[in-house]
Amino acid sequence: MVGPDRSPRFPGPAQFQPWIAGFVGNGNAGPDPPAATSDRWRWSARAVAVGVGIAHACLPDLGDGCSGTDAGVASNAVLAAQGADMRRRELLRRSFGAALAAGLAACARSVSRPELDLWTLQLAPKFNAYFADVLARWQQLNPKAPVRWTDLPWGSVERKLLAAVFARTAPDLVNLNPPFAANLASKGGLTDLTPLLPEGVSERYLQTVWSACRDPDAGQIAVPWYLTVRLSLVNRQLLQAAGLETPPIRWEQVPAFARRIRERTGRYGLFVTAVPDDSAELLESLVQMGVTLLDARRRAAFATDAGRKAFRFWTAMYREGLLPREVVSQGQRRAIELFQSGDLALAATGAEFLRSIQTNAPGVAAVTEAHPPLTGADERANVALMTLAVPRQSSQQREALSLALYLTNAEHQARFAKEARVLPSSREALAFIRQELDNEQPVTAPEQQIRQARRLSAEILERADVLVPASPGIKRLQSIVYTQLQRAMLGQVDSDQALQQAAREWNQYSESRWP
C-alpha cells in the first residue's frame, strides 16, 4: 500500500488491472493515467486518491476504524462510545476468525485456475506501469503461470478476503501488514512457507524484517517486501523561536522540549495519539522506554516499574497541557494537519511525507528539517513493513511463493524503492539504494531535502527493529492500553490504577484465547 503517509485516503472499489492475463475488469483509477495505459482502461469520473507515501506503522491497521475529524477532549461519553465500539469490533473480529476457520476447514479449491491471483494494497494507479512491466517479464519467464493482479483499497482487504474464502476464490498471494498476517495465521489461514523456501533464501533479506515475518506457532507466514522508518521532521522556525538548537532524540528529553515550545511559542512540541484503533507509536514508545509488553505465555508483562514510569510519563504530559487535547479523540492524521499549519514543532513520520508537505504547505516545507527519530536508551528505532503471504487455500502455493520471491528480489525491490521512495527489505537492493543516494546530486532545494531525509532513513534502518511484535491479538492489546491510558490522562483514575486495569483486561482476554 503506497499512499499519502497518514493522510486521508479516498478508497474506491477494487481495481482490477485489465492488461494482465487478459482479465477485463472495471478499471477505477485517478485522473492522470500512467504512461502504460491503453484504451482498454475505462477511467472513472470518481478519482481514487493514491499518492507517494507508505503503509506506515502510524496508520490504522487493516479493518480498523479511523478517528473523527472534530477536535476536542474525549469525555466519559466518548470513552463509553469507544468502549462500545471496541466490544462491537471484538465481536466482529471473533466472528471473522470463526468464519475464516470454518471456511478454511470446509473449503478447498474445487477448480484449479490457470492464473495466479495477486492482491496488493492501494498501489494503483500510481504503480500501474511498474506492475505492467514486472508482471510481463514474469510471464515471459513463467508462461504457464500468468498473474491476475487486483489492487484493493486499504480498508477492504479483511472483508474481501473473507468473501473470497467462502467463494473458494482466495488469492494465491496477498499483500498484508504483519498484525493482520499474524491474526490470519492464528486461524490457520496462511501457509507455513518453511518447507517451500529455497535453501539460504533468508540471507537475501534484512534479518530483523525476515524474523518479523515468522510466527512462533504458524512458522514463516510471509516474505518481507517494502519498509519505512520513522524520522523526526522538525519545524526549524519554531525551534528557533523557542531558543532551541536541536530537537530531542530521547523520550526523556521530550517533556522539557514540549514545555519550552509551549511556553515560548504557544504551539505544541509533538502529537502522539491515544486513540485505540489508530497509530501504534505510543505502544512502541513504551517498548523504547524499557517496557516488556507480553511474556512467553502471552500474559501481561507491562505492569512493572518500567510500565508505571511510562504510564506516568504520558499522563503527566497530557495533564500539564504539553500534548494537544485532541490526542485522546483524533488519530495521527491530526498531527499531519497541525504540522502543515505550523502549529506543531515535531512530526514523527517517514521521509516520503516530505513531498506532501512541499505540495500542501510549501512555507512549512521550507523550514522543515529531518532528524533521527525519538528512541529510548538502547537507540532502537521502529521499522514498519509490508509483506507478501500465501493463503493456505491456494492450490498453487509453490508458484505463489516463487512470485513473492520474484517481486522481492534485489532488482525489483531496488526499482520499487526508488519509484515509491521507500526502503527495500533486500540486503542487495538496500546497498544499491544507499549508493545511489550517495551519488545523487539534486538541483532543487525540495529534491535536496528529500534526498537528505532518505539517506537518513537508510542509516536509521541499521538500528531499526519491529518494536511491537506482530502477534495475534496485538491490536486488542493496543486498544486496552490506550483506553486505560486515556482514563488516566483525563483524570478519571491515576496512572498506576490505569496500568493495573489494563493488565487485568488483557489477561482476561489472553486466558480465554490461550488457556
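Quick note: structure is the one above.
Quantities reported herein were computed from a predicted structural model and do not represent experimental measurements.

So, how was this worked out
Residues numbered from 1 in each chain as written. Predicted model: local features only at pLDDT ≥ 70, side-chain atom pairs only at ≥ 80, totals over all residues. Heavy atoms only, no water. Helix = DSSP H or I, 4+ residues; strand = E, 2+ residues; numbered from the N terminus. Contact = heavy atoms within 4.5 Å. Core = buried A, V, L, I, M, F, W, Y, C linked by side-chain atoms within 4.5 Å. Buried < 20%, exposed > 50% of the residue type's maximum accessible area, 1.4 Å probe, protein only. Salt bridge = Lys/Arg side-chain N within 4 Å of Asp/Glu carboxyl O. Pairing = 2+ DSSP bridges. Axes fitted to C-alpha atoms, helices over the stretch in contact; angles between N-to-C directions.

Colleague: Before we go on, may I ask you to explain the environment of Trp225 in this structure?
Modeller: Of note, Trp225 is situated in strand S7 (residues 223–229). Taking C-alpha positions, Trp225 is 9.0 Å from Val209, a pair spaced 16 residues apart along the chain. Excluding residues that lie within four positions of it along the chain, Trp225 makes contacts with Thr120, Leu123, Phe131, Asn175, Met386, Thr387, Leu388, Leu407, Thr408, Gln413, Pro424 and Ser425.

Colleague: What exactly am I supposed to notice about the nonpolar core here?
Modeller: Nonpolar side chains in soluble globular proteins generally cluster together in the buried interior. Leu118, Leu270, Trp314 and Leu403 are the most contacted members of the largest nonpolar core, which has 144 residues in total. Leave out the neighbours within four places in its chain, and Trp314 touches Trp251, Val272, Leu282, Ser285, Leu286, Met289, Leu323, Leu485 and Met489.

Colleague: Would you explain the pattern of salt bridges in this entry?
Modeller: Where charged atoms from two side chains of opposite charge approach closely, those side chains can pair. Inspection of the entire model under this criterion finds 21 salt bridges. For the salt bridge of Asp343 with Arg267, the shortest nitrogen-to-oxygen distance reads 3.1 Å. Of the two residues, Asp343 sits in the loop between helix H10 (333–340) and strand S9 (346–349) while Arg267 sits in the loop between helix H7 (254–265) and helix H8 (281–288), which places them 76 residues apart along the sequence. Across the pair Glu419 and Arg415 runs a salt bridge whose closest N-O atoms are separated by 3.0 Å. Pair noted here: Glu419 and Arg415 are both in helix H14 (residues 410–420), with a separation of four residues, about one helical turn. One salt-bridge network, in which partners are shared between bridges, spans Asp133, Arg415 and Glu419.

Colleague: I keep staring at the sheet that holds strand S8 (residues 231–235) and nothing clicks. Help me out?
Modeller: Sheets are built from strands that pair by backbone hydrogen bonding, the pairs being arranged parallel or antiparallel. Ordered in space as S9-S8-S10, the three strands form an open sheet in which the pairing is antiparallel. For this open sheet the edge positions go to S9 and strand S10 (368–371), each flanked by a neighbour on one side alone. Neighbouring strand axes in the sheet, compared pairwise and without regard to direction, differ in orientation by 25 degrees on average. Running over the sheet, helix H16 (residues 445–460) touches S8 and S10 and is turned about 15 degrees from S10.

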